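Notes for the structure review
In case you want the letters, here they are:
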Amino acid sequence: MDLCQQRRMTPGPTREEKLMTTMNRRALLAGIAAGAAGVAASSVLGTRAFAASEDMRFFWWGNPSRDERTYKTIDIFNKSHPDVVVSGESIAWADYWTKMATQTAGRNMADVVQMDYGFIFEYVRRGALQPLDDLIGSTIKLDSYDKAALTGGMVDGKLYGLNIGSNSQACLYNTRLVKESGAEFDPIGWTYDDVKRVSKAIFDKTGVFGTDDQSLNYVSWQDWAQQQGHDFYDADGKIQATEDDVIGYWSTWKELRDMGVIPPGDVTVSKVGASLNEEGLPTGTTAMSYHWSNQVVGMQTLMEDTVGVGMYPKIKAGQPNQFIKPGMFLSITRDCKNPKLAGAFINDWINDKETGLIIGLERGIPPNADMRAALTPTFTDAEKASVSYFNAIQPYLGALPPAPPKGAGEVNDAFVRIGSDVVLGTMSIADGAKKYFDEAQDIIERAA
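Residues numbered from 1 in each chain as written. Predicted model: local features only at pLDDT ≥ 70, side-chain atom pairs only at ≥ 80, totals over all residues. Heavy atoms only, no water.

This paragraph deals with unusual backbone geometry. Unlike most non-glycine residues, Arg 107 shows phi in positive territory, near 50°. Tracing the sequence through the fold places Arg 107 in the loop between α5 (93–105) and β4 (112–115). By relative accessible area, which is 56% here, Arg 107 ends up exposed. Phi is positive for Asp 156, which is not a glycine, with a value near 55°. (Helix = DSSP H or I, 4+ residues; strand = E, 2+ residues; numbered from the N terminus. Buried < 20%, exposed > 50% of the residue type's maximum accessible area, 1.4 Å probe, protein only.)

Below, the structure written as structure tokens:
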């Protein structure tokens, strides 16, 4: 008998055993804070537990800090629902999806689970998640929720996951160097022409390269393709970007290299895979870099100069380019017997301010504008900048691209590998574009 069979045949704990386990919860949290990994435990509030009439399970991937915050939110829910015993179970990301698959196969999924954009389509199409649509407006309130944040949790026209932490692309820049250059620009509406102008002004005035070279940044490249009206992949996982798209992208960055206002090609290639503290912005060799909005705080800790935040630059007449990237969802599973209760639990995560103050920005920027406002007095300057940026970009966002298909990671690797030859000048842009798309198509077809 294999281990999975043994687990399915082993009877679960009785209610009395479960409630006795919860009495030692505080000791468990101390263990979590000390660095324990892969925790599974129940969270329930003291004497109220013995009046409980219903159980509910919540499963998430985590770490010691996230686990402690999450157990505290479970306590808050229990205070307002004294007739419910909420069990919490956490495990590291590396093992989460293996255990999720085992529970799904054994028809023993938790009532509420943390779900990722890369997996939600698979679990919906396996029939493992319940749609949330019937709960919206009654149990789950979305009055102050960013509408763009809903898209990622929708599959085949129905909502299966509610985003609890949002993210978007961001250009981070050294405000002192930009000011010294005298090159003003609109960080929300600037264009690639502005990148050239501002980069030249910074380099001429300070001797610092204006920006990192983004020739090998596949997130930036796919942003460019989307502005051309082409999500890199369509809803069926087929490539719809074109060779002309990538030729235009690589040509733009080559022009900046030829101007001498961004690092030379060998430096760009050497920085592939570099950690945040090794990049041009924190080391003072460039004035701008391109990341995600949740990295503003981390970048600021590496710099004395104040970090500014802007959108990725736009192509003139380009379509809306950036999007809200869901950090993670909460979903109700097929095995949940009381979806309304599970919906009330999810509602607290997006609307209850006490819960929001405990979670903070740990799972991303809350998609609820009222929650962001409530959190603002607790923020550092860098956190305020991150949230202010997030609020400012809402009217300028495009649709979230379709979930990437199998093989997408290998396609990204091909972009960096072939692009490195283009940046170093050992392959022409046209030849590189053809080679890249030939390989990308082959990879996707093989992976299907």
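Next up on the list: empty space enclosed by the protein. What the rule picks out here adds up to 1 cavity of 30 Å³ or more. In this structure, the largest cavity spans a volume of roughly 120 Å³. Among the secondary structure elements, those contributing two or more residues to the lining of the largest cavity are α14 (339–351) and α15 (353–359). A breakdown of the residues in the lining of the largest cavity according to their chemical character gives 7 nonpolar, 3 polar and 1 charged. (1 Å grid on protein atoms, 1.4 Å probe; cavity = no way out; pocket = protein on both sides within 12 Å on 5 of 7 lines; lining within 4 Å. Points joined across faces, edges and corners; volume = space filled by probe spheres on them. Nonpolar A, V, L, I, M, F, W, Y, C, P; charged D, E, K, R; others polar.)

Now for the packing of aromatic side chains. How two aromatic rings sit relative to each other is set out by the distance from centre to centre and by the angle between their planes. Under the definition given, this model contains 36 aromatic pairs. Measuring from ring centre to ring centre gives 5.0 Å for Tyr 192 and Trp 224, while their planes differ by 75°; the resulting arrangement is edge-to-face. In this pair, Tyr 192 sits in helix α8 (residues 192–206) while Trp 224 sits in helix α9 (residues 218–227), placing the two residues 32 residues apart along the sequence. Tyr 192 gets classed as buried once you look at its relative accessible area, which sits at 6%. Note on Trp 221 and Phe 232: the rings are 6.0 Å apart at their centroids and 80° apart in plane angle, and the pair reads as edge-to-face. Of the two residues, Trp 221 is situated in helix α9 and Phe 232 in the loop between α9 and α10 (243–259); the sequence distance between them amounts to 11 residues. Considered together, Trp 221 and Phe 232 belong to a single accessibility category, that of buried residues. When the ring centre of Tyr 123 is taken as origin, the NZ or CZ atom of Arg 126, which lies over that ring, is 5.0 Å away. In this structure, Lys 325 is placed above the aromatic ring of Trp 292, and the distance from its NZ or CZ to the ring centre is 5.9 Å. (Phe/Tyr/Trp six-rings, centres within 6.5 Å; stacked < 30°, edge-to-face > 60°. Lys NZ or Arg CZ within 6 Å of the ring centre and 35° of its normal.)

It is worth spelling out the pairing of strand β12 (residues 325–333) at this point. With 7 of its 9 residues buried, β12 lies for the most part within the structure. Note: β4 against β12, 4 bridges, orientation antiparallel. Across the sheet, residue Val 112 finds its bridge partner in β12, namely Ile 332. Two elements, strand β5 (residues 129–130) and β12, share 2 bridges in a ladder whose sense is antiparallel. (Pairing = 2+ DSSP bridges.)

Another point: the packing of α9 against α10. Two quantities define a packed helix pair, namely the angle between the axes and the distance from one axis to the other. Remark: α9 packs on α10, axes separated minimally by 10 Å, with the N-to-C direction vectors making an angle of 125°. Here α9 is positioned oblique relative to α10, judged by the angle of their axes. The element α9 and its partner α10 pack so that their crossing is right-handed. Where α9 abuts α10, its residues Ser 220, Trp 221, Trp 224 and Ala 225 lie against Asp 245, Val 246, Gly 248, Tyr 249 and Thr 252. (Axes fitted to C-alpha atoms, helices over the stretch in contact; angles between N-to-C directions. Parallel < 35°, antiparallel > 145°, perpendicular 65-115°, else oblique. Left-handed = near helix turned anticlockwise from the far one by under 90°. Contact = heavy atoms within 4.5 Å.)

Attention now moves to α14. The end-to-end C-alpha distance of α14, which contains 13 residues, comes to 18 Å, matching closely the 18 Å that a straight helix rising 1.5 Å per residue would cover. Most of α14 sits inside the fold, with 10 of its 13 residues counted as buried. Of the positions making up α14, those classed as buried are Leu 341, Ala 342, Gly 343, Ala 344, Phe 345, Ile 346, Asn 347, Asp 348, Trp 349 and Ile 350. (Expected span 1.5 Å × (residues − 1).)

Pairing is antiparallel across the open sheet formed by 3 strands, whose spatial order is β10-β9-β11. Both outer strands of the open sheet, β10 (288–292) and β11 (307–310), are each paired with one neighbouring strand and no more. Here the strands of the sheet are splayed against their neighbours by 35° on average, with no regard to which way each runs. The pairing of strand β9 (residues 169–174) with β10 spans 5 bridges and is antiparallel. Across the sheet, the residue bridging to Leu 172 is Ser 289, located in β10.

Next up on the list: α8. Helix length check: α8, at 15 residues, gives a terminal C-alpha distance of 21 Å against a target of 21 Å (1.5 Å per residue), a fit within 8%. Within α8, burial applies to Tyr 192, Asp 194, Val 195, Lys 196, Val 198, Ser 199 and Ile 202. Buried residues along α8 sit against α7 (175–181), α9, α10 and β10. The opening residue of α8, the one whose side-chain oxygen lies 3.3 Å from the backbone nitrogen of Asp 193, is Thr 191. (Polar contact = N/O pair within 3.5 Å; in protein donor to acceptor, adjacent residues only side chain to side chain.)

Turning our eyes to something else, we now look at the nonpolar core. The biggest cluster of nonpolar side chains holds 70 residues, and the ones touching the most others in it are Met 100, Met 115, Leu 162 and Phe 345. Here this core takes 7 residues from α14, the largest share from any one element. In this view, Met 115 contacts Trp 61, Trp 97, Met 100, Ile 120, Tyr 123, Leu 129, Met 328, Phe 329 and Ser 331; residues no more than four positions away in its chain are not counted. Listed in part, the 45 residues of the second largest apolar core include Tyr 173, Tyr 192, Ala 408 and Ile 429. (Core = buried A, V, L, I, M, F, W, Y, C linked by side-chain atoms within 4.5 Å.)

Here the structure, examined in full by the defined rule, presents 21 salt bridges. A salt bridge links Asp 146 to Arg 372, with the nearest nitrogen and oxygen atoms 2.8 Å apart. Separated by 226 residues along the polypeptide, Asp 146 in the loop between β5 and β6 (154–155) and Arg 372 in helix α16 (residues 369–375) bring together distant segments of the chain. Of the two residues examined, Asp 146 and Arg 372, each falls in the buried class. Of the charged contacts in the structure, one is a salt bridge between Arg 363 and Glu 362, with a shortest N-O distance of 3.9 Å. Since its relative accessible area comes to 23%, Glu 362 is described here as partly exposed. Through salt bridges with shared partners, one network takes in Arg 66, Glu 362 and Arg 363. (Salt bridge = Lys/Arg side-chain N within 4 Å of Asp/Glu carboxyl O.)

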